[in-house]
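# Inside the fold
Letter by letter, the chains look like this.
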Amino acid sequence: MELPQINQVRRLLIAFVLFLLATLVLSFPFESPGNVRQWHMTSDVKEVAGKSYDYIIVGGGTCGCPLAATLSEKFSVLLVERGGSPYGNPLVIERRNYGIPLLETDKYMSVAQSFISQDGVGNVRGRVLGGSSAINGGFYSRASEEFVCRAGWDKKLVKEAYEWVESKVVFPPFYLSPWQSVAEFSILEAGVLPYNGFSLEHIKGTKISASVFDEFGKRHTSADLLNAGNPKNLTVLINATVKRILFHHSSYRNETRAKGISFMQSNSTLDESHEAYIKEVQNSSLRGDVILAAGALGSPQLLLLSGIGPKEQLRRFNISLVRDIEGVGKGMQDNPCIAVLVDSKPQNRLPDPPQIAGITDDYKIIVEASILPLSSNSTRVNVAAKIAMPISKGVLNLNNTDPRLNPSVRFNYLASENDMEECVKMTKLLYRIARSKSIAFFLGESRQEKLTSADVDLRNFCKKNVRTIYHYHGGCTVGSVVDEHYKVDGIKGLRILDGSTFSESPGTNPMATLLMLGRYQGLKILSERNAVSDSNAKDKTK
């Protein structure tokens, strides 16, 4: 046996021993620190009905939780989440249950809500406090410097916001599972170089990154960041769905302002309605906002239900027009993904979320590997890749006026010839990985038979097998629906902060950047308020 192969075998054996030890540790009960909280959480809508707050945040997901925690440092905050609590739910918290919530969905109450796009591709949305950070693979990796520059963000503040998140819910890998060690070798074997070891940065080559799973295999969702807020100022309402935003129109000022929300118990009937409001202050420039953080499907849907969007669409549903904004629901994208199963049949292996990423030279293809459940007792080993910057775009429209149900969305996967060409390149790379010596060694099988390489066959393969990697975005993009401060065009006191504002998915995946964005924009809003207060104080002393 050659020396590199001996080292590879040795490393795999070490990984396997560490994996067995970690599995043994995980069999003991462990209390997650996220359960220790002081902030108030309730599912009783009557506790909140009729009350006023400085800020109302709709959506307790990846971006909404750090935003709520930050704003609560100085102001009263109501955070409204349509789903329940992640705490005490082993399907959410336990690493060993990775992927199972995506299989066990129902219409109104499951932690993941399934939907099928008009392209015929199945997908899910988070429906739990913590949002998609409660059901995803937990892989944490920052956006590229170029993405930060294009967004026009303050680099120093971005770095501080990332570090704030990382100090609380992000963990370097305690060990690599046997399959992740194999994935690392196989991606390198296929030529995705250089090897970068552990890194949080978005850099070309193969790397290990951090995770929201800790060394005990416990997930730390964005909800854990609420512990960093001021508990006296923070109210979290769960199992409550916002029906629409409430507005006040001033003919004297010729302006429309968001003044609150109408909401209901998530499992109630549509005719139930309660309201909560933004506190009124004498100086309107010091008044807080309604902030939508309901995700790439939820935020454009809620704008439309509230009368903001293309007037022709609103007319079809007899929704009174508040503001005609053509961009609402436009620019929807989902990164096209191809997954290759490398084992010959389902096994009873433990689910295994990704710890390794391969990023090609041009940053256009990103590869990860995982073991995903097919059911509660069977899994498949796969290698998957996504097109990082697709050109094809789609659209979101209303299906109905029930905010609990999915809107209609079409992503137009691979509609662009450029995207199709990238998919062919991506599939060839996946085949090289699937036929690697490392994977053959792991599976104890001879290398897979050479798969077809004719471009025409690969194009058909891409069309038939394109799927989601759950990084969809758009619908309320900056410059189309919101400005650079995430304020909705023409509406006072209304902002949007989530993946719906992105025109591309940052980094290997959006979670790290959405966590950062909640903290970053929270600090920006606090700074704005301080500046206005200081200016008013100076005016009074003149």
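Residues numbered from 1 in each chain as written. Predicted model: local features only at pLDDT ≥ 70, side-chain atom pairs only at ≥ 80, totals over all residues. Heavy atoms only, no water.

For the record, the criterion: UniProt positions are given in the numbering used here, feature names are shortened, and annotations may be inferred rather than shown by experiment.
Within an unreviewed UniProt entry, the label attached to the protein reads Glucose-methanol-choline oxidoreductase N-terminal domain-containing protein, and the organism entered is Vigna mungo. The UniProt entry for the protein carries this comment under Cofactor (unreviewed entry): "FAD".

### Focus: the state of the cysteines
To keep things clear, this is the line we draw: To count as a disulfide, a pair of cysteine sulfur atoms needs to be within 2.5 Å. We call a residue buried when its accessible area falls under 20% of the maximum for its residue type, exposed when it is over 50%, and partly exposed in between, using a 1.4 Å probe and counting protein chains only.
With the rule as written, the count across this model stands at one disulfide. You can see C65 has no disulfide; the closest cysteine sulfur is in C63, sitting 9.6 Å from it. Cysteine C337 is unpaired, with the sulfur of C423 as its nearest cysteine sulfur at 9.1 Å. Looking at C337, the relative accessible area reads 0%, which means it is buried.

### What about the pattern of salt bridges?
Put simply, the rule is: In what follows, salt bridge is the name for a side-chain nitrogen of Lys or Arg lying within 4 Å of a carboxyl oxygen of Asp or Glu. Helix numbers and strand numbers start at the N terminus; a helix is a DSSP run of H or I with at least 4 residues, a strand a run of E with at least 2.
Within this structure, the stated rule accounts for 20 salt bridges. Of the charged contacts, one joins E166 and R142 as a salt bridge, the two residues approaching to 2.8 Å between their closest N and O atoms. Linking E166 in helix α5 (residues 155–169) with R142 in the loop between β7 (139–140) and α4 (145–151), this pair joins segments that are 24 residues apart in sequence. R142 carries the same exposure label as E166, and that label is buried.

### Notes on the UniProt feature "domain: Glucose-methanol-choline oxidoreductase N-terminal" (unreviewed entry) in the protein
Within this numbering scheme, the UniProt entry marks residues 295–309 as carrying the feature "domain: Glucose-methanol-choline oxidoreductase N-terminal" (unreviewed entry). Secondary structure content for residues 295–309 is 73% helix and 13% strand, and the end C-alpha separation is 17 Å.

### Some points on the sheet that holds strand β24 (residues 408–410)
The following threshold applies: The pairing criterion is simple: DSSP has to find at least two bridges between the two strands. Fitted lines through C-alpha atoms serve as axes, helices being fitted only where they are in contact, and the angles separating the N-to-C directions of these axes extend from 0 to 180 degrees. Note on contacts: a residue pair qualifies if any of its non-hydrogen atoms lie within 4.5 Å across the two residues.
If you walk across this open sheet you meet the three strands as β18-β23-β24, and the pairing is antiparallel. Of all the strands in the sheet, the pair left with one neighbour each is β18 (330–332) and β24. For this sheet, the mean inter-axis angle between neighbouring strands, taken without regard to orientation, is 35°. Across the sheet, helix α7 (residues 295–305) is in contact with β18 and β23 (394–397); its angle to β23 comes to roughly 50°.

### Structural notes on the sheet that holds strand β11 (residues 234–237)
Taken together, the six strands give an open sheet; going across it, the order is β1-β11-β4-β3-β15-β26, and neighbouring strands pair in parallel fashion. Each edge of the sheet is formed by a strand with only one pairing partner; in this case those strands are β1 (40–42) and β26 (494–496). Going across the sheet, the axis of each strand differs from the next one's by a mean of 20°, ignoring polarity.

### A short note on the environment of L494
Relative to the helices and strands, L494 is located in strand β26. Taking the C-alpha atoms as reference, L494 lies 5.5 Å from D289; in sequence the two are 205 residues apart. Residue contacts for L494: discarding those within four places in its chain leaves I245, F247, A258, D289, V290, L292, L303, I308, Y486, K487 and V488.

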